[in-house]
Each structure stands twice: as structure tokens, then as C-alpha cells.
Number of protein chains: 2
Amino acid sequence: MQKRREIFRELLSKDNVMILTHKSPDGDTLGTAFALCRVYALQGKKAAVVCSDRIPVSYRFLTEGKIMLEADFSPDCIVSVDVADAKLLGDSFSGYADRIDYGIDHHPSNTGYAKKTIVDSAASSAGELLFDLLKEAEIPFDRQTAVCLYTAVTSDTGCFKFANVTPHTHQVAAELLQYGFEAEPINRRLFDISSLEQLKIEADVISRIESYRNPAVTVATLPFSLLENAGEDLEFGALSSIPRRIEGTVIGISMREYEKDAVKVSLRSMDDRIDVSAIAAVFGGGGHKRASGCVFLCPLEEAKKRLLDEVFRHYDRVFGGRE
Amino acid sequence: MQKRREIFRELLSKDNVMILTHKSPDGDTLGTAFALCRVYALQGKKAAVVCSDRIPVSYRFLTEGKIMLEADFSPDCIVSVDVADAKLLGDSFSGYADRIDYGIDHHPSNTGYAKKTIVDSAASSAGELLFDLLKEAEIPFDRQTAVCLYTAVTSDTGCFKFANVTPHTHQVAAELLQYGFEAEPINRRLFDISSLEQLKIEADVISRIESYRNPAVTVATLPFSLLENAGEDLEFGALSSIPRRIEGTVIGISMREYEKDAVKVSLRSMDDRIDVSAIAAVFGGGGHKRASGCVFLCPLEEAKKRLLDEVFRHYDRVFGGRE
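Residues numbered from 1 in each chain as written. Chains lettered and ligands numbered in written order. Predicted model: local features only at pLDDT ≥ 70, side-chain atom pairs only at ≥ 80, totals over all residues. Heavy atoms only, no water.

Visitor: How would you explain the domain arrangement of chain A if you had to name every residue and give the values?
Guide: You can read the domains of chain A as domain 1 (4-192) and domain 2 (196-319). Between the C-alpha centres of domain 1 of chain A and domain 2 of chain A the distance comes to 32 Å. (Domains from an automatic or database assignment.)

Okay, structure coming up:
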């Protein structure tokens with residue numbers, strides 16, 4: 001089997017390269033893609049990053065403000081970064097699914113759809129993996145590349161906050177910061193700044209949070225009426241994480257009425273004894289023990305009542321009834 | 001002049017050591033103090049951490065749940081950590097001001113009140129400095145010490161988010177994580193978890209945010225009526241940072257009516273051309289160009305009107321009048 005260093009050197013020897021990111025792009029797929037694109041450019045080669053979806057506001061500094069990314073040339077080589085499954089390329093690039101030459105990824109679930117794949121599931125992020133590959137292959141890069149790689153790493157680790165951070169992740173950050181760019185404005189943009197509209201919707205969700213079982217069961221709801229007139233830059237990730245942020249939450253529930261009488265539910269368990277995938281399964285959903293989801297096709301209030309009945313049944317079985 | 005390594009070795013040779021933190025304690029002063037305390041204990045010496053104020057909920061894991069910290073022995077040696085000025089010891093320890101043997105600090109403004117002081121203003125945190133001192137002096141320490149040092153560093157850098165983070169800060173984090181503890185629960189507790197009460201008050205503040213000059217001037221207000229019945233664990237840091245989190249904010253203002261008809265104002269400028277200390281000075285306050293404050297002794301609405309008149313005058317002078 002070809003060593004990853006050799007695959008990477010081969011990949012870098014190509015010209016006219018199209019770099020594919022995953023749909024609903026985040027900072028890791030975009031930062032890694034732009035870092036790789038920059039490395040090609042530094043070697044006088046042609047490369048372009050493409051993505052099937054709109055670029056979220058917080059990452060547009062990577063794309064120099066561009067909202068959509070499309071290549072205006074026919075590639076001789078196609079590389080995907082941070083894409084675990086060809087399905088995740090999104091509709092507009094699904095045609096490329098069996099034409100991908102190289103995949104660079106850190107997801108253990110990578111399906112191996114590319115002709116040659118480099119996967120390292122110990123890496124916090126595709127950005128950390130690309131940094132390692134560049135270092136192993138002794139490829140020099142510049143400050144702008146370091147900015148893109150740092151953005152990838154900080155973005156997939158929640159600014160070094162998540163459990164995927166290893167000592168090596170911090171070593172990579174240390175080496176990247178030595179390129180002399182300012183990381184603080186990047187982190188501010190990714191993690192602190194929101195539109196007033198986004199913050200007001202979050203505030204509205206928080207003001208209507210309901211707590212049960214004193215206060216182990218936390219429910220956040222987002223009715224369709226709030227979303228109907230919302231701007232298209234609204235990000236839902238922050239909204240669904242609200243219940244987990246509340247002290248004492250054991251089961252965190254967020255319910256978003258994404259269309260009238262259609263409710264998407266996300267369930268999170270903070271305790272190994274509560275398996276939320278079993279709750280989701282009752283309503284035709286699924287997922288993992290600690291994170292699962294399901295959908296209700298009924299009004300929000302009705303969905304909440306049906307879901308909570310089931311949640312209380314599970315909770316009370318484990319924790320011994322009403323407190 | 002005695003080298004810092006020698007001062008540090010001398011300090012570590014003492015027994016019966018009282019370690020003082022600063023008032024309104026944060027994770028850096030507490031984490032560094034408990035790390036040092038642990039190092040003494042590992043060497044079979046007696047040491048205790050003391051603090052003049054209540055320990056905030058998020059740091060009580062460091063103190064094993066203790067809310068107040070007092071030494072129950074008479075010390076032979078007193079060390080302060082992360083305390084720039086003896087005034088910051090707080091009222092109950094002001095009597096120790098001229099009895100402090102050693103100071104370990106990273107504030108360039110350290111007044112040199114201790115008999116011997118080790119200051120390193122390049123360190124992100126007192127925790128980073130203590131790590132360096134332990135390493136220089138080749139003092140081994142254990143996992144629990146590493147947990148305390150990591151807490152100090154992550155806490156003073158906003159989880160590696162602020163401008164005080166250097167490549168060395170990440171190297172220190174990498175070495176500390178090698179002790180094998182889980183950092184994610186620490187960061188979750190410090191940065192993600194809030195009481196529902198805290199979140200609901202933040203949500204209330206956000207729902208009443210006012211934006212002017214489309215939307216460069218952002219005003220968040222916290223009326224006394226909201227605080228009157230609030231629990232004593234409420235933290236105001238998060239509240240005063242809200243205006244700065246809003247996209248487009250150039251002048252971020254937060255106004256907290258801390259007593260009836262008494263309003264504390266915090267002003268932040270996100271643009272070098274706006275000097276908010278000049279605005280604060282008009283009302284008898286002061287501070288820095290980018291961060292200043294003042295107090296109004298009048299109802300909140302009246303204070304807001306008077307302040308905004310002045311803010312608009314400054315803003316319009318720089319940015320050319322109403323947009």
C-alpha cells in the first residue's frame with residue numbers, strides 16, 4: 001500500500017486541481033480547502049475551491065467575501081477535503097462522486113469513495129491533518145496558508161474547547177501562530193460575533209425555555225412564526241446547543257418548527273444512563289445514545305406533549321419518578 | 001539581582017505557606033494558587049490558598065466546592081499569585097499588604113509590593129508563568145497540578161481565544177494535556193454552562209438591545225428591576241460583553257442600574273478613531289481609548305439619553321453625521 005506521504009506528494013504534483021468541500025460548509029472544510037489551494041498556487045499551479053452551498057457569513061473572510069464558490073476551468077484532478085461520504089458533496093457536485101482522485105479526511109466513517117484516500121481519525125480536524133502532511137512532505141507554505149489551517153483547526157475544535165483536542169493539536173496551533181498572524185480577530189469572527197437578528201432569536205428561544213424534573217429536562221422551542229420572516233443567514237447550530245448550556249440539564253431537547261406543522265427534534269443526553277436514541281426511535285428517529293433526533297409532522301405544541309411524555313417515562317425509569 | 005529561578009527555588013523551600021489570590025477571583029488566580037499549593041503538598045509542606053471573596057460557581061471544582069477560602073494556620077511565608085497591586089487582595093487581606101514575601105504575576109503593572117517579585121508580562125497568564133518556573137527549576141508535578149495550571153491558562157485566555165495567546169501558550173497547553181486529564185469538561189464548565197437564571201437575564205438584555213447609526217452604536221441596558229430579585233451568583237462579565245458580540249458594532253455600550261437611580265456604564269470602541277475615554281470623561285469617568293466607564297446618579301432612561309447625545313456627537317464628528 002502506498003504510504004500517505006507518497007500519496008500526498010503525488011497529489012501535490014498535479015495541475016488544474018478542483019478542491020471539493022462538503023455541503024453546509026464549516027471552517028474546517030473551507031480552511032483546509034483554501035490552505036491546499038494556496039499551496040498549489042505557491043507552486044505555480046492552478047487550483048480552485050468549490051462548494052455546493054452558500055458560504056456562511058462567518059467564513060467569508062476565507063473566500064474574500066464570495067458567497068458561492070465555483071471553478072471556471074475543467075480540472076485534471078479532483079481532491080475532496082473533510083468529506084466523509086460522496087453524498088456530502090451536495091446536489092450540485094453529486095456528479096463528481098465517482099471521479100474524485102484524492103480524499104483528505106479525518107472522519108473514521110470515511111467511505112473510501114475517492115480513488116486514493118488519506119484518513120487520520122486521530123486528527124482533530126482536516127486542517128490538522130493537512131498541516132501534518134505538509135510537514136511530513138517538507139512542503140514550505142506561507143502566512144496566508146497558516147491562517148487557513150489555523151481557521152480549520154480552531155473551527156473544528158470550538159477554539160480548542162472540544163474533546164477532540166490532543167496535545168498535538170496545541171503543538172500544531174503553536175507552530176501555525178509562529179507565522180505571525182493575529183488569531184484573535186479570527187476567533188472573534190468565528191465564535192463571538194453574531195448578527196443582532198441571530199442574537200434576538202436566540203434570546204427569544206431562551207426566554208421561552210421550559211425546565212422539568214427540576215431542572216434535568218430542558219426544552220427549547222423555535223416556532224415557525226419566528227422563522228417565517230428570518231433572514232437566510234440565520235445559523236441553527238447555536239440554537240440547538242442552548243439546552244446543553246444550562247446548568248443541571250441531563251436531557252437537552254430542542255424543537256424547531258421548520259415548516260408549519262413540521263418539527264425537527266434534537267435530543268442530547270448528558271448522562272450515560274439515558275439513551276436518547278431509544279426515545280427518538282419511538283417516533284421513527286434514531287442516532288446515538290448521547291445525540292439523536294426525530295421529526296414530528298404536527299403542530300409544535302402537540303409534538304412537545306407527545307415527546308415529553310416519552311422523555312419523562314425514560315427519565316423516571318432511571319431516576320426513580322417525580323422528584 | 002537574584003535570578004527568577006533562584007527566587008522560585010527559595011520560595012519553594014519554605015514551609016507553612018499562605019497563598020493569596022486577588023479579590024473577585026478568576027480561574028487564573030485560583031488555578032495558579034491551587035497548582036502552587038499542590039506542588040508544596042507534593043513536597044510534604046503545608047500550604048493553603050486564601051481569597052477575600054466568594055468563589056464563583058464555575059471555579060468551585062478547583063476548591064472542591066468550597067465557597068470561602070481561609071487558612072487555619074499562621075503562615076511562615078506569604079506568596080501572592082496574579083495580584084498586580086496589594087490593593088487587589090481585598091479588604092479582609094489588606095492587613096497583609098506589607099508582609100508579602102513573594103509575588104508571582106504576569107501583569108506589567110505589578111507595583112512590586114512584595115519583598116521579591118517574579119513578573120513576566122509576556123506570559124498569557126500567571127498559570128503559564130508558574131508552568132515555566134516549574135519547568136526551569138525542574139520541579140516535577142502531578143496530573144492534579146496540571147489540571148490547575150491548565151484551568152489558569154484557559155481561563156485567562158478565554159480558551160485560547162484572546163490576543164494574549166502566543167505560540168508558547170499553546171506549547172504549554174500541549175505539555176499540560178500530556179498529563180492525561182480531560183480538558184473538555186473544564187472548558188465546558190468555564191465557558192459554556194450557565195444557570196437558567198443567568199441565561200434568561202442575558203436574553204432579556206438582548207431582547208431590549210437598541211441599535212443606532214445603523215447599527216454602529218449598540219446599547220444594552222440592565223434595569224434595577226431585573227436585578228432586584230436576582231441570585232447572588234449572577235455574573236456581570238457576560239452581560240457587559242453583549243454589545244461587542246453584535247456584528248457591525250463600533251461603539252458598544254452597556255448600562256447597568258446597580259441601585260435605584262445609579263447606573264454603571266461600560267463603553268467599548270471597536271475602532272481606533274473613536275476614543276471612548278473622552279466620552280466617559282464628559283461624565284466624570286475615564287479609562288482607555290478602547291475601554292472606559294463612568295457612573296450616572298439618575299434614572300436609567302435619563303442616563304441613556306444624556307450619554308447617547310454625547311456618543312452621537314463623537315460618532316458623527318468622525319463618521320460624518322447621520323447616515
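Visitor: Tell me about the interface of chain B and chain A, residues and numbers included.
Guide: Each partner contributes residues to the interface: chain B has 37 residues there, and chain A has 37 residues. Where chain B abuts chain A, roughly 3,400 Å² becomes buried across the two surfaces, and 64% of that area is made up of carbon and sulfur atoms. Ranking the residues of chain B by area buried against chain A places K161(B), H170(B) and R245(B) at the top, with a combined share of 18%. The interface formed by chain B and chain A contains two salt bridges. Between D192(B) and K161(A) there is a salt bridge; the shortest N-O distance is 2.9 Å. At the boundary of chain B with chain A, the tally comes to nine residue pairs in polar contact (both at pLDDT 80 or more). The set of elements that each furnish at least two residues to the side of chain B that touches chain A consists of helix 5 (167-177), helix 6 (184-192) and helix 7 (196-207) of chain B. (Contact = heavy atoms within 4.5 Å. Buried area = accessible area lost by both parts, 1.4 Å probe. Salt bridge = Lys/Arg side-chain N within 4 Å of Asp/Glu carboxyl O. Polar contact = N/O pair within 3.5 Å; in protein donor to acceptor, adjacent residues only side chain to side chain. Helix = DSSP H or I, 4+ residues; strand = E, 2+ residues; numbered from the N terminus.)

Visitor: Kindly report on the pairing of strand 1 (residues 17-20) of chain A, identifying the contributing residues and their values.
Guide: All names here are of chain A. A two-sided burial pattern is seen for strand 1, the buried positions comprising V17 and I19 on one face and M18 and L20 on the other. Across four bridges, the pairing between strand 1 and strand 3 (residues 77-81) is parallel. Bridged to L20 within strand 3 is S80. Here strand 1 pairs with strand 2 (residues 47-50) via four bridges, running parallel. Opposite L20, over in strand 2, you have V50 as the bridge partner. The parallel pair strand 1 and strand 2, bridged by helix 2 (residues 27-42), forms a crossover whose chirality is right-handed. (Buried < 20%, exposed > 50% of the residue type's maximum accessible area, 1.4 Å probe, protein only. Pairing = 2+ DSSP bridges. Right-handed = clockwise from strand over helix to strand, strands pointing away.)

Visitor: Could you give an account of the sheet that holds strand 11 (residues 291-296) of chain B, naming the residues involved and the relevant values?
Guide: Residues and elements named next belong to chain B. Spatially, 6-7-8-9-11-10 is the arrangement adopted by the six strands of the open sheet, whose pairing is mixed. Taken across any chain shown, the strands that pair with only one partner, and hence form the sheet edges, are strand 6 (210-212) and strand 10 (286-287). Sheet topology note: the strand 7 (residues 217-222)/strand 8 (residues 251-259) ladder contains six bridges and is parallel. In the strand pairing of strand 8, L222 is matched with R256. Across the sheet, helix 11 (residues 300-319) lies against strand 6, strand 7, strand 8, strand 9 (262-269) and strand 11, angled at about 160 degrees from strand 8, the strand it touches most. (Axes fitted to C-alpha atoms, helices over the stretch in contact; angles between N-to-C directions.)

Visitor: Account for the packing of helix 4 (residues 143-156) of chain A against helix 6 (residues 184-192) of chain A, naming residues and giving values.
Guide: How two helices pack is summed up by the angle between their axes together with the distance between the axes. Residues and elements named next belong to chain A. At a closest axis distance of 11 Å, the pairing of helix 4 and helix 6 adopts a crossing angle of 35 degrees. Crossing angle aside, the handedness with which helix 4 passes helix 6 is right-handed. Touching V147, Y150, T151, T154 and S155 of helix 4 are I186, N187, L190 and F191, all from helix 6. Tallied by class, the residues present in the contact of helix 4 with helix 6 amount to five nonpolar, four polar and no charged. (Left-handed = near helix turned anticlockwise from the far one by under 90°. Nonpolar A, V, L, I, M, F, W, Y, C, P; charged D, E, K, R; others polar.)

Visitor: Quick one: what's the story with the packing of aromatic side chains, residue by residue and with numbers?
Guide: All names here are of chain B. Within the structure shown, the criterion is met by 17 aromatic pairs over all chains. Between F131 and F141 the ring centres are 6.4 Å apart and the planes differ by 75 degrees, which places this aromatic pair in the edge-to-face class. With F131 in helix 3 (residues 126-136) and F141 in the loop between helix 3 and helix 4 (143-156), the pair connects residues that are 10 residues apart, well separated along the chain. Per residue, the accessibility class of F131 equals that of F141, and both read buried. With 6.0 Å between their ring centres and 50 degrees between their planes, Y150 and F160 make a pair best called tilted. Separated by 10 residues along the polypeptide, Y150 in helix 4 and F160 in the loop between helix 4 and helix 5 bring together distant segments of the chain. (Phe/Tyr/Trp six-rings, centres within 6.5 Å; stacked < 30°, edge-to-face > 60°.)

Visitor: Requested: an account of the pattern of salt bridges, with residues and values cited.
Guide: Any two side chains of opposite charge can pair, given that their charged atoms come close. The final tally for this structure, using the stated rule, is 32 salt bridges over all chains. Across the pair K115(B) and D101(B) runs a salt bridge, and its minimum N-O distance is 3.3 Å. A residue pair is termed long-range when its members are at least 10 positions apart, and K115(B) in the loop between strand 4 (102-105) and strand 5 (116-119) and D101(B) in the loop between strand 3 (77-81) and strand 4 qualify at 14 residues. Taking relative accessible area as the criterion, K115(B) reaches 58% and is therefore assigned exposed. Close ionic contact of K304(B) with E301(B) constitutes a salt bridge, the shortest N to O distance being 3.4 Å. Taken together, the residues span about one helical turn, with K304(B) and E301(B) both in helix 11 at a distance of three residues. Residue classification places K304(B) among the buried residues on the basis of a relative accessible area of 7%. A single salt-bridge network, built from bridges that share partners, covers R4(A), D120(A) and E136(A).

Visitor: Got a sec to walk through helix 4 of chain B? Specific residues and values, please.
Guide: The periodicity of an α-helix, 3.6 residues per turn, causes residues three or four places apart in sequence to face the same way. Residues and elements named next belong to chain B. For helix 4, with 14 residues, the first-to-last C-alpha span of 20 Å sits near the 20 Å given by 1.5 Å per residue. With respect to burial, helix 4 is a largely interior element, 12 of its 14 residues being buried. Within the sequence span of helix 4, burial applies to T145, A146, V147, C148, L149, Y150, T151, A152, V153, T154, S155 and D156. Where the residues of helix 4 are buried, they touch helix 2 (27-42), helix 3, helix 5 and helix 6. Immediately beyond the C-terminal end of helix 4, within one or two residues, lies G158, with a positive phi of roughly 60 degrees. (Expected span 1.5 Å × (residues − 1).)

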